[in-house]
Amino acid sequence: MSDYPQSPFGSEITADHIADTLSQLKGWEERYRQVIMLGKKLPAMPEELKSEQVKVAGCESQVWLVCRQVDEQWHFCADSDARIVRGLIAIVLAAYQGKSGKDIQAFDIDSYFEQLGLIAHLSPSRGNGLKAIVEQIRQLTS
């Protein structure tokens with residue numbers, strides 16, 4: 001399996017960075033564009049990792065997620081065929097990348113999403129897909 005980066009974008013983009021950036025934008029349209037930009041920064045998942053076994057169930061779009069644990073820290077590689085979903089994945093990975101399983105389980109993802117103002121502006125199917133990604137990460141790291 002390919003080596004995963006310590007962070008999906010380097011150390012400069014964290015959950016706090018994303019929350020700060022989105023809070024400074026006016027309106028959902030600007031936030032939506034920023035989410036898509038985050039998705040563009042997400043490293044591409046190697047094609048050989050994309051298989052039925054690593055697809056996230058419950059997502060309308062195709063989403064692939066693989067992870068591994070190194071020295072108590074979890075590292076993720078994920079991708080989607082939809083631009084906005086890639087951005088949502090980037091937001092989730094910024095919160096979880098490089099954390100211990102205990103820290104991942106303890107992280108209040110719902111408050112994080114609320115702080116970002118995401119869920120209210122996503123279609124029900126996208127919101128459910130986002131929750132499916134989070135749930136799969138929580139299951140894999142528990």
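Read on for an overview of the structure. (Residues numbered from 1 in each chain as written. Predicted model: local features only at pLDDT ≥ 70, side-chain atom pairs only at ≥ 80, totals over all residues. Heavy atoms only, no water.)

**What to know about the environment of Ala-120**
Test applied: Labels follow the DSSP assignment, with helices taken as runs of H or I lasting at least four residues and strands as runs of E lasting at least two, numbered in each case from the N terminus.
As for its placement among the helices and strands, Ala-120 is situated in the loop between helix 5 (109-116) and helix 6 (124-141). It is 13 Å that separates the C-alpha atoms of Ala-120 and Arg-31, two residues lying 89 residues apart in sequence.

**Quick look at the packing of helix 2 (residues 27-41) against helix 3 (residues 83-96)**
What counts is decided by this rule: Between N-to-C directions, angles cover 0 to 180 degrees, with each direction set by a line fitted to C-alpha atoms, over the stretch in contact for helices. By the definition adopted for this analysis, an angle is roughly parallel if under 35 degrees, roughly antiparallel if over 145, roughly perpendicular if from 65 to 115, and oblique otherwise. The contact rule is simple, with two residues in contact once any of their heavy atoms fall within 4.5 Å. When residues are sorted by character, Ala, Val, Leu, Ile, Met, Phe, Trp, Tyr, Cys and Pro go into the nonpolar class, Asp, Glu, Lys and Arg into the charged class, and all the rest, Gly among them, into the polar class.
At their nearest, the axes of helix 2 and helix 3 sit 7 Å apart, and the two run at 80° to each other. As far as their axial angle goes, helix 3 and helix 2 are roughly perpendicular. Along the contact surface, helix 2 presents Tyr-32, Val-35, Ile-36, Leu-38 and Gly-39, while helix 3 presents Arg-83, Ile-84, Arg-86, Gly-87, Leu-88, Ala-90 and Ile-91. By residue class, the composition of the contact of helix 2 with helix 3 is eight nonpolar, two polar and two charged.

**Quick word on the packing of aromatic side chains**
We count it as follows: In this analysis, rings of Phe, Tyr and Trp, with Trp reduced to its six-membered ring, are considered paired at centre separations within 6.5 Å, and the interplanar angle assigns stacked below 30 degrees, edge-to-face beyond 60, and tilted for intermediate values. Summary of the burial criterion: residues with accessible area below 20% of their type's maximum are buried, those above 50% are exposed, and those between are partly exposed, where the area comes from a 1.4 Å probe applied to protein chains only. By definition here, charges over rings are those cases where NZ of Lys or CZ of Arg is within 6 Å of the ring centre and within 35 degrees of the ring normal.
In total, this model carries four aromatic pairs according to the counting rule given. Seen from their ring centres, Trp-28 and Tyr-32 are 6.1 Å apart, and the 70° between their planes marks the pair as edge-to-face. Here Tyr-32 and Trp-28 lie together in helix 2, a separation of four residues that amounts to about one turn. Between Tyr-96 and Phe-107, the ring centres sit 6.0 Å apart and the planes meet at 75°, which makes this aromatic pair edge-to-face. Residue Tyr-96 is located in helix 3, and its partner Phe-107 is located in the loop between helix 4 (101-106) and helix 5; the two are separated by 11 residues in the primary sequence. Judged by its relative accessible area of 0%, Tyr-96 falls in the buried class. Its relative accessible area of 24% is what places Phe-107 among the partly exposed residues. Members of the aromatic cluster, connected to one another through ring pairs, are Tyr-96, Phe-107, Tyr-112 and Phe-113. Between the NZ or CZ atom of Lys-50 and the centre of the ring of Trp-64, over which it lies, the distance is 4.8 Å.

**Points about the pattern of salt bridges**
The condition that has to hold: One speaks of a salt bridge when a side-chain nitrogen belonging to Lys or Arg is within 4 Å of a carboxyl oxygen belonging to Asp or Glu.
Taken as a whole and assessed by the stated rule, the structure comprises four salt bridges. Linking Lys-50 and Glu-47 is a salt bridge whose minimum nitrogen-to-oxygen distance equals 3.2 Å. In this structure Lys-50 comes out as partly exposed when scored by relative accessible area, which is 21%. Arg-86 is paired through a salt bridge with Asp-79; the nearest N and O atoms lie 2.2 Å apart. Using a relative accessible area of 15% as the deciding quantity, one classes Arg-86 as buried. The class for Asp-79 is buried, based on a relative accessible area of 5%. One network of salt bridges, in which partners are shared, links Glu-47, Lys-50, Asp-79 and Arg-86.

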